[in-house]
Amino acid sequence: MKELICIVCPKGCHLKVDEEKGYAVTGNGCPRGAEYGKIELTHPTRVVTSTVRCVGGAHPRCPVKTDGAIPKGLIREAMGLLEAVTLTAPVALGQVAVANVCGTGVNFVTTRAM
């Protein structure tokens with residue numbers, strides 16, 4: 001049995017996930033917590049935030065994040081892709097900085113206009 005703290009909402013329910021019983025979840029305060037507990041143990045994913053170089057803008061770096069969650073095991077590879085990215089101002093909010101990160105269909109998008 002694994003114990004997790006749910007991160008879906010601010011409540012932070014203490015979940016217990018029984019792997020031997022088909023990933024049955026207890027301790028959740030809502031159905032989203034049950035779904036989170038099962039997914040976290042079977043296929044963990046994360047939204048990734050970082051920055052990329054930006055020339056010609058007010059700041060030397062532009063914040064970016066994935067527009068969806070990617071498998072946890074691909075985070076290092078995804079971060080490596082950002083090292084080669086240099087944006088040129090003007091940069092629009094939500095502009096795609098890296099498309100189809102690691103073949104996931106998820107993009108790195110800018111989170112600030114510059």
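The rules we used
- Residues numbered from 1 in each chain as written.
- Predicted model: local features only at pLDDT ≥ 70, side-chain atom pairs only at ≥ 80, totals over all residues.
- Heavy atoms only, no water.
- Helix = DSSP H or I, 4+ residues; strand = E, 2+ residues; numbered from the N terminus.
- Polar contact = N/O pair within 3.5 Å; in protein donor to acceptor, adjacent residues only side chain to side chain.
- Contact = heavy atoms within 4.5 Å.
- Pairing = 2+ DSSP bridges.
- Axes fitted to C-alpha atoms, helices over the stretch in contact; angles between N-to-C directions.
- Buried < 20%, exposed > 50% of the residue type's maximum accessible area, 1.4 Å probe, protein only.
- Disulfide = S-S within 2.5 Å.

Trainee: Describe the side chain of Thr 110, listing the residues and the values that go with them.
Mentor: Within the fold, Thr 110 resides in strand E10 (residues 108–110). Here the side chain of Thr 110 touches Ala 92 through a polar contact of 2.6 Å, landing on its backbone oxygen. Among all residues touching Thr 110, those that are not within four sequence positions of it are Cys 62, Pro 63, Val 64, Leu 87, Val 91, Ala 92, Leu 93, Gly 94 and Gln 95.

Trainee: Outline the sheet that holds strand E8 (residues 86–88), supporting the account with residue identities and numerical values.
Mentor: Pairing is mixed in the open sheet, where 5 strands are placed in the order E8-E5-E6-E10-E9. Among the strands making up the open sheet, the edge pair consists of E8 and strand E9 (96–98). When the angles between neighbouring strand axes are averaged without regard to direction, this sheet yields 45 degrees. Inspection of the sheet shows strand E6 (residues 61–66) paired to E10 by 3 bridges, in the antiparallel sense. Bridged to Thr 66 within E10 is Phe 108. The strands touched by helix H2 (residues 75–82) are strand E5 (49–55), E6, E9 and E10; relative to E5, the strand with the most contacts, the crossing angle is about 10 degrees.

Trainee: Explain the side chain of Thr 66 residue by residue, including any values.
Mentor: For Thr 66, the position within the fold is in strand E6. Engagement of the side chain of Thr 66 in a polar contact is seen with the backbone oxygen of Gly 68, the distance being 2.8 Å. Residue contacts for Thr 66: discarding those within four places in its chain leaves Arg 46, Val 47, Val 48, Val 106, Asn 107 and Phe 108.

Trainee: Which residues make up the sheet that holds strand E1 (residues 2–5), and what values go with them?
Mentor: The 3 strands are arranged E1-E2-E3 in an open sheet whose pairing can be described as antiparallel. The open sheet is flanked by E1 and strand E3 (24–26), the only strands paired with a single partner. Geometrically, the sheet is characterised by an average inter-axis angle of 30 degrees between neighbouring strands, direction not taken into account. Relative to E3, strand E2 (residues 14–18) runs antiparallel, the two sharing 3 bridges. Bridge pairing in E3 places Lys 16 opposite Thr 26.

Trainee: Would you mind going over the pairing of E6 in detail, with residue names and values included?
Mentor: Side chains of E6 alternate between two faces, with Cys 62, Val 64 and Thr 66 buried and Arg 61, Pro 63 and Lys 65 left unburied. Joining the antiparallel neighbours E5 and E6 is a turn of 5 residues, in which Gly 56 adopts a positive phi near 85 degrees.

Trainee: Describe the state of the cysteines, with residues and values.
Mentor: What the rule picks out here adds up to 0 disulfides. Cys 9 takes part in no disulfide bond, and the closest cysteine sulfur, belonging to Cys 30, lies 5.4 Å away. Using a relative accessible area of 25% as the deciding quantity, one classes Cys 9 as partly exposed. Between Cys 54, a free cysteine, and Cys 62, which holds the nearest cysteine sulfur, the sulfur-to-sulfur gap is 5.5 Å. The buried category is assigned to Cys 54, whose relative accessible area is 6%.

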